[in-house]
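Here is what each chain is made of, one letter per residue.
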Amino acid sequence: HGVDWKNIYQKYLPLALACKHRYDITYVIGELIGELNAGHAYVGGGDADKPEKINLGLLGASISKHSSGYFRIDKILKGENWNSNLRSPLHEVGINVNEGDYIIEVDGISTKNVKDIYTLLSGKANIYVELTVSSKPDETDVRKVIVKTISDENPLVYFNWVQDNIKKVNEATNGEVGYIHIPDMSVEGLNEFVKYFYPQLNKKGLIIDDRGNGGGNVSPMIIERLKREIAYYGIARNQKEGETRPRQMHLGSKVMLVNQYSASDGDLFPYQFKKGYWCSYVGRCYRYSWNFAV
């Protein structure tokens, strides 16, 4: 790559000498490797301390300290509670906890005198806890519910972000445009694509969101589905809509959102999207006057 490593050494030496932890030096080495401008060149490992992690019991909600001393449930993340990976604890059947309610106790211990409610949920991930809740910030009219916590809210946060984007696009385009975010080019990314692509085949346009794609190896499979070209329509008497051949294809305009956080196959994906067939096709989207942000 024509990199002058002697000069690069001098460039990064002051940073290396300032490092106080193994993770610091790993970061500096990563920056140094970045001078190659080559993909899939990594640094990791080393003799870093690895303290024991204590998992918190999480409720899938945004919770804040109220002036009363108790904790208010500001927002409950939506989920798909039939899916164990997207279970939102406070949305379980029979819990009946609402946004705006207050958590008075956790396992019989008052929340009024603790600064952080998660001190009462420390080490209680994926187990049942007893919450005393009320619609008021006091101990009148309270009730107890048994909730099974989760250990990670990231899947719920991601799910809600996608659903919010779908809603924005739907409202801004009167339901004429679909939205699909692909988080990586592996199992999860392929599952997300299948989950949202096929129900939206009748949309006039599709927004394919590649931002933050973590890479993998399935982009050729997704590109093949996106670039299918129609040969003919088949329609039966009294059928409302015809069927395309090949089947399961989207006939309409497509655009892709990208940013600097897509990696590996997630970076090759938009390159394939842009080349050849797409170069003349993507431009059709500009005839619409949609204006929104996701």
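Report follows, based on the coordinates. All figures in this text were calculated on a predicted structure; none of them were measured in a lab.

Our focus in this paragraph is the overall build of the protein. When its secondary structure is counted, the protein shows seven helices and 11 strands. Whereas a compact globule of 294 residues would reach a radius of gyration of roughly 19 Å, the protein reaches 25 Å, over 25% beyond that. Reported as C-alpha extents along the three principal axes, the dimensions of the protein are approximately 75 × 65 × 30 Å. Per-residue burial over the protein gives 36% buried out of 294 residues. Sequence-distant contacts, at least 24 apart, represent 67% of the contacts inside the protein between residues at least 6 apart.

Time to look at the nonpolar core. One finds Ile180, Ile182, Phe193, Ile208, Ile222, Leu226 and Phe269 to be the most contacted residues of the largest nonpolar core, which totals 27 residues. Going through the elements one at a time, helix H3 (154-172), strand S7 (177-181), helix H4 (187-197), strand S8 (205-209), helix H5 (219-226) and helix H6 (265-274) are the ones with two or more residues in this core. Looking at which element gives the most residues to this core, the answer is H3, with five residues.

What follows is about H4. Residue pairs spaced three or four apart in an α-helix point in one direction, given the helix's 3.6 residues per turn. Every buried residue of H4 is listed here: Gly189, Glu192, Phe193, Tyr196 and Phe197. Take H4 and look down its axis: the buried residues cluster within an arc of 110°, on one side only. Elements in contact with the buried residues of H4: H3, S7, S8 and H5.

It is worth spelling out the pattern of salt bridges at this point. Tallied over the entire structure, the rule returns 12 salt bridges. For Lys11, the salt bridge is made with Glu35, and the minimal N-O distance between the two is 2.9 Å. Linking Lys11 in helix H1 (residues 5-17) with Glu35 in the loop between helix H2 (22-33) and strand S1 (61-65), this pair joins segments that are 24 residues apart in sequence. Residue Glu105 pairs with Lys144 through a salt bridge whose shortest N-O separation is 3.5 Å.

Another aspect to go through is H2. A rise of 1.5 Å per residue sets the reference length of H2, with its 12 residues, at 16 Å; its end C-alpha atoms lie 16 Å apart and thus fit the reference within 8%. Restricting attention to buried positions, one finds in H2 the residues Thr26, Val28 and Ile33. All buried residues of H2 lie within an arc of 165° about the axis, which places them on one face of the element. Where H2 is buried, its residues contact H1.

Looking now at the packing of H5 against H6. Helix packing geometry: the angle between the two helix axes and the distance between the axes. Contact geometry of H5 with H6 gives a least axis separation of 10 Å together with a crossing angle of 25°. If you check the angle between H5 and H6, you find them roughly parallel. Judged by the sense of rotation from one axis to the other, the crossing of H5 with H6 is right-handed. Where H5 approaches H6, its residues Ser219, Pro220, Ile222, Ile223 and Leu226 are matched on the opposing element by Asp265, Phe269, Gln272 and Phe273. Split into classes, the residues belonging to the contact of H5 with H6 amount to six nonpolar, two polar and one charged.

Within S7, five of the five residues are buried, which leaves it mostly tucked inside the rest of the structure. The parallel pair S7 and S8, bridged by H4, forms a crossover whose chirality is right-handed.

Scoring rules and cut-offs
Residues numbered from 1 in each chain as written. Predicted model: local features only at pLDDT ≥ 70, side-chain atom pairs only at ≥ 80, totals over all residues. Heavy atoms only, no water. Helix = DSSP H or I, 4+ residues; strand = E, 2+ residues; numbered from the N terminus. Rg over C-alpha atoms; globule rule 2.2 N^0.38 Å. Buried < 20%, exposed > 50% of the residue type's maximum accessible area, 1.4 Å probe, protein only. Contact = heavy atoms within 4.5 Å. Core = buried A, V, L, I, M, F, W, Y, C linked by side-chain atoms within 4.5 Å. Arc of directions from axis to C-beta. Salt bridge = Lys/Arg side-chain N within 4 Å of Asp/Glu carboxyl O. Expected span 1.5 Å × (residues − 1). Axes fitted to C-alpha atoms, helices over the stretch in contact; angles between N-to-C directions. Parallel < 35°, antiparallel > 145°, perpendicular 65-115°, else oblique. Left-handed = near helix turned anticlockwise from the far one by under 90°. Nonpolar A, V, L, I, M, F, W, Y, C, P; charged D, E, K, R; others polar. Right-handed = clockwise from strand over helix to strand, strands pointing away.

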